[in-house]
Amino acid sequence: MLANGRLRRRVGGFGRPQWSPDGRWLLVSSLSHPFEVTLVDVRSADEFATAEFPLEVPGKDFLATPAWAGNGRTIVAVVGDGQEVALEILDISDLKQVRTKLTLLSNTQRGDWTLSDPVYDSRARRCWFVGAKREGKTLLWVDLARPGTIGRPDADVFEEELHDLALSPDGR
């Protein structure tokens, strides 16, 4: 839509949108489980429609809402195939062939943590996420330089409700 309210257009389906760091894309996640994830090109040439691209990871489902990871070509996501669950950096530069760029945590490395709500801090090269156990939920991280190693800011704190993580634009 223009600033004057004219030329309104639909920019994607129903779900939870996130702007890409480069401002070209919306990453839209459905509100159902497993999540359907779509990229919407908001700079498409047609003023009455947008180009939408469903993202699919071969043999895997999105098990949590993904987030942008640094640029407009990678996302961080919790994915699984029914038996294995992993926290991964996904390369989406080829929309027809999404591929795993880096596995941050695999099934054996995550222990009995249930993973959700990943966000990526490009300055620290660190992925933050919510980890849940029977005791409750807590904030966890894994550094890109040390995949498979979980960090935890406060080892004894569990919350009943913790979700929808977000980072400030300057990373502080």
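Everything here concerns the structure above.
Owing to the predicted nature of the structure, the values given are computational and were not obtained by experimental measurement.

(A) Representation of the overall build of the protein chain in the model. Within the protein chain one finds one helix and twelve strands. Seen in sequence order, the protein chain has helices and strands lined up from the N terminus as β-β-β-β-β-β-β-β-β-α-β-β-β. Expressed as a percentage of its 172 residues, the buried residues of the protein chain come to 41%. Put simply, 38% of the contacts in the protein chain that link residues at least 6 apart link residues at least 24 apart. Carbon and sulfur atoms form 48% of the exposed surface of the protein chain, whose accessible area is close to 10100 Å².

(B) Expanded view of the sheet that holds strand E12 (residues 136–143). Spatially, E10-E11-E12 is the arrangement adopted by the three strands of the open sheet, whose pairing is antiparallel. Looking at the sheet topology across the chains shown, the edges are occupied by strand E10 (114–121) and E12. With strand direction ignored, the average angle separating the axes of adjacent strands in the sheet is 25°. By the bridge criterion, six bridges tie E10 to strand E11 (residues 126–133) in an arrangement that is antiparallel. Following the sheet pairing, tyrosine 120 is matched in E11 by cysteine 127.

(C) Main features of the sheet that holds strand E1 (residues 16–19). Taken together, the four strands give an open sheet; going across it, the order is E1-E2-E3-E4, and neighbouring strands pair in antiparallel fashion. The open sheet has two free edges, formed respectively by E1 and strand E4 (51–55), since each of these has just one partner strand. The sheet shows a mean angle of 25° between the axes of neighbouring strands, taken without regard to direction. Note: strand E3 (residues 37–41) against E4, five bridges, orientation antiparallel. Bridge assignment links threonine 38 to a residue of E4, and that residue is proline 54.

(D) Region of the structure containing the environment of valine 98. With respect to the helices and strands, valine 98 occurs in the loop between strand E8 (85–91) and strand E9 (99–105). Filtering out sequence-adjacent residues up to four positions away, valine 98 remains in contact with Leu55, Glu56, Val57, Pro58, Leu90, Asp91 and Ile92.

(E) Up close: the pattern of salt bridges. Throughout the structure, instances matching the rule amount to six salt bridges. Note that arginine 16 and aspartate 164 form a salt bridge whose closest N and O atoms lie 2.9 Å from each other. Of this pair, arginine 16 sits in strand E1 while aspartate 164 sits in the segment after E12, and the two are 148 residues apart along the sequence. Arginine 16 sits in the partly exposed class, given a relative accessible area of 29%. Among the ionic pairs, arginine 126 bridges to aspartate 143, the shortest N-O distance being 2.6 Å. One end of the pair, arginine 126, is in strand E11; the other, aspartate 143, is in strand E12, with 17 residues separating them in the sequence.

(F) Here's a closer look at unusual backbone geometry. Proline 34 follows histidine 33 through a cis peptide bond whose omega is -5°. Assignment of secondary structure puts proline 34 in the loop between strand E2 (25–29) and E3. Despite not being glycine, aspartate 117 has its phi angle at roughly 50°, a positive value. Here aspartate 117 lies in strand E10. Overall, the relative accessible area of 14% leaves aspartate 117 in the buried class. Residues other than glycine seldom take positive phi values, yet arginine 125 does so here, at roughly 55°.

About the cut-offs
- Residues numbered from 1 in each chain as written.
- Predicted model: local features only at pLDDT ≥ 70, side-chain atom pairs only at ≥ 80, totals over all residues.
- Heavy atoms only, no water.
- Helix = DSSP H or I, 4+ residues; strand = E, 2+ residues; numbered from the N terminus.
- Buried < 20%, exposed > 50% of the residue type's maximum accessible area, 1.4 Å probe, protein only.
- Contact = heavy atoms within 4.5 Å.
- Areas by Shrake-Rupley, 256 points an atom, 1.4 Å probe, with all protein chains shown as cover.
- Pairing = 2+ DSSP bridges.
- Axes fitted to C-alpha atoms, helices over the stretch in contact; angles between N-to-C directions.
- Salt bridge = Lys/Arg side-chain N within 4 Å of Asp/Glu carboxyl O.

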